[in-house]
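Observations on the three-dimensional arrangement
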Amino acid sequence: ETSAHISADENGAADMMDPNAGPAVEMRGVNKWFGEFHVLRDINLNVRRGERIVVCGPSGSGKSTMIRCINRLEEHQKGDIIVDGIELTNDLKKIDEIRREVGMVFQHFNLFPHLTILENCTLAPIWVRKMPKREAEEAAMHYLERVKIPEQANKYPGQLSGGQQQRVAIARALCMNPRIMLFDEPTSALDPEMIKEVLDVMVDLAKSGMTMLVVTHEMGFARQVANRVIFMDAGQIVEQNEPEQFFTNPQHDRTKLFLSQIL
Ligand code: ADP
Ligand code: MG
């Protein structure tokens, strides 16, 4: 089984001088099992700062598990994961540090239904970051404006459409000032007419220079913003390439089959 991963050397010598220029995320030989089931097999992945990576692959191939390992929503059993220069171990302090750097957006929004939109956005900054309430609210309004729904601030999630709720989820993640954003199929629970408003926000975020790792089958989004597309199957990274090459010239039969099914 070949895996055409991009090697760590690509970061170049200049980057080694500046700790900030090291990889945003590094996974080396990462393996994970659910009981007997070998869900991640020797994952090697280097996410450089400012990179926008789209991860695709069949259902059950391990995409969610892979990105959930990055902020320890899932625990890997073998190999190394280094996030923003911090090695992910069982050290809870380090896990907390990593979670401060990494924002996550899920398929099903995961907003708190009993809190207003504004409260959803200020909860973690106030309680985790110890930010004064006033300051947290100002920051939240700034991000709600950025995702174009400041007027919804005092409503509850149940009063918003799916697309609006997902934009709130993005704003909420941004309120923690992350350096890396993970998205797990952010548009796949949305009605078709709401997909674009969420993708537009993600495109804006990409243009702002955010490091993004996005599990999605929105291939238009991949072509527009990704600098790299990764194809996973059966717990492995089978193939990766820049979008144009990935779509027009896939190398592996499994990639070809997958693309023929979704395009
Ligand atoms: P994808 O996101 O690519 O659809 P997942 O990472 O969600 O794939 O799942 C990969 C495989 O791991 C699937 O076969 C799934 O059933 C299995 N799996 C996921 N989560 C668990 C879990 N908590 N316990 C056991 N098996 C799991
Ligand atoms: Mg998934």
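Keep in mind it's a predicted model, so treat the numbers as computed, not measured.

What follows is about the overall build of the protein. Across its full length, the protein carries 10 helices and 10 strands. Taking 18 Å as the expected radius of gyration for a compact globule of 263 residues, we find that the protein reaches 18 Å, a close match to that expectation. Pairs at least 24 apart in sequence give 66% of the contacts found in the protein among residues at least 6 apart. Of the roughly 12500 Å² of accessible surface on the protein, 50% is carried by carbon and sulfur atoms.

With that settled, consider the pairing of strand β9 (residues 228-233). Most of β9 is tucked away: 6 of the 6 residues are buried. Residues of β9 alternate between two faces, with Arg228, Ile230 and Met232 on one and Val229, Phe231 and Asp233 on the opposite face, all of them buried. In terms of strand pairing, strand β3 (residues 52-56) meets β9 through 4 bridges, oriented parallel. Across the sheet, residue Ile53 finds its bridge partner in β9, namely Arg228. With 5 bridges joining them, β9 and strand β10 (residues 236-241) adopt antiparallel strand pairing. Across the sheet, the residue bridging to Met232 is Ile237, located in β10. The antiparallel hairpin formed by β9 and β10 contains 2 residues in its connecting segment, where Ala234 sits at a positive phi of about 50 degrees.

Right, let's talk about the layout of surface pockets for a bit. The volume enclosed by the largest pocket comes to roughly 660 Å³. Taken together, 24 residues line the largest pocket, and the ones lying closest to its centre are Arg99, Val102, Met104, Ala124 and Met176. Listed by contribution, the elements that provide at least two residues to the lining of the largest pocket are α3 (92-101), β6 (102-105), α4 (117-127) and α6 (162-174). Sort the elements by how many residues they give to the lining of the largest pocket and α3 lands first, with 5 residues. A breakdown of the residues in the lining of the largest pocket according to their chemical character gives 14 nonpolar, 4 polar and 6 charged.

Another aspect to go through is the environment of Asn227. Its location among the elements puts Asn227 in the loop between α8 (219-225) and β9. Residues in contact with Asn227, not counting those within four places in the same chain, are Glu51, Arg52, Ile53, Glu242 and Pro243. A distance of 2.7 Å separates the side chain of Asn227 from the side chain of Glu51, its partner in a polar contact.

Turning next to the packing of aromatic side chains. Applying the stated criterion across every chain yields a total of 2 aromatic pairs. Taken together, a centroid distance of 5.2 Å and an interplanar angle of 40 degrees make the contact between Phe231 and Phe258 tilted. Linking Phe231 in strand β9 with Phe258 in helix α10 (residues 253-262), this pair joins segments that are 27 residues apart in sequence. Side by side, Phe231 and Phe258 carry an identical accessibility label, which is buried. On the basis of an interplanar angle of 85 degrees and a centroid distance of 5.3 Å, the ring pair of Phe246 and Phe247 is categorised as edge-to-face. For the pair formed by Phe246 and Phe247, the shared burial category is buried. Its end group placed over the ring of Phe34, Lys32 keeps NZ or CZ at 4.6 Å from the ring centre.

Within this structure's numbering, the places UniProt gives as "domain: ABC transporter" (unreviewed entry) are residues 25-259. Between the end C-alpha atoms of residues 25-259 the distance is 27 Å, and the span holds 39% helix and 26% strand.

This next bit is on the nonpolar core. Of all hydrophobic cores here, the largest spans 49 residues; its most connected members are Leu144, Ile170, Met181, Phe183, Met202, Met212 and Phe221. In terms of residues, this core owes the most to one element, helix α7 (residues 192-207), which gives 9 residues. Each residue touching Met202, except ones within four places of it in the same chain, is listed here: Ile170, Phe183, Pro186, Met212, Val214 and Phe221. Within the second largest apolar cluster, 31 residues are counted, among which are Val30, Ile43, Val55 and Ile70.

We now examine helix α5 (residues 133-146). In a regular helix each residue adds 1.5 Å, so 14 residues correspond to 20 Å; α5 covers 20 Å between its end C-alpha atoms and thus fits that length. Among all positions in α5, only Ala136, Ala140, Tyr143 and Leu144 are buried. Buried residues of α5, seen end-on, are gathered within an arc of 100 degrees and therefore sit on one face of the element. Its buried side turned inward, α5 meets α4 and α6. Just downstream of α5 lies Lys148, where phi reads positive at about 70 degrees.

How each quantity is defined
Residues numbered from 1 in each chain as written. Chains lettered and ligands numbered in written order. Predicted model: local features only at pLDDT ≥ 70, side-chain atom pairs only at ≥ 80, totals over all residues. Heavy atoms only, no water. Helix = DSSP H or I, 4+ residues; strand = E, 2+ residues; numbered from the N terminus. Rg over C-alpha atoms; globule rule 2.2 N^0.38 Å. Contact = heavy atoms within 4.5 Å. Areas by Shrake-Rupley, 256 points an atom, 1.4 Å probe, with all protein chains shown as cover. Buried < 20%, exposed > 50% of the residue type's maximum accessible area, 1.4 Å probe, protein only. Pairing = 2+ DSSP bridges. 1 Å grid on protein atoms, 1.4 Å probe; cavity = no way out; pocket = protein on both sides within 12 Å on 5 of 7 lines; lining within 4 Å. Points joined across faces, edges and corners; volume = space filled by probe spheres on them. Nonpolar A, V, L, I, M, F, W, Y, C, P; charged D, E, K, R; others polar. Polar contact = N/O pair within 3.5 Å; in protein donor to acceptor, adjacent residues only side chain to side chain. Phe/Tyr/Trp six-rings, centres within 6.5 Å; stacked < 30°, edge-to-face > 60°. Lys NZ or Arg CZ within 6 Å of the ring centre and 35° of its normal. UniProt positions renumbered as here; feature names shortened; annotations may be inferred. Core = buried A, V, L, I, M, F, W, Y, C linked by side-chain atoms within 4.5 Å. Expected span 1.5 Å × (residues − 1). Arc of directions from axis to C-beta.

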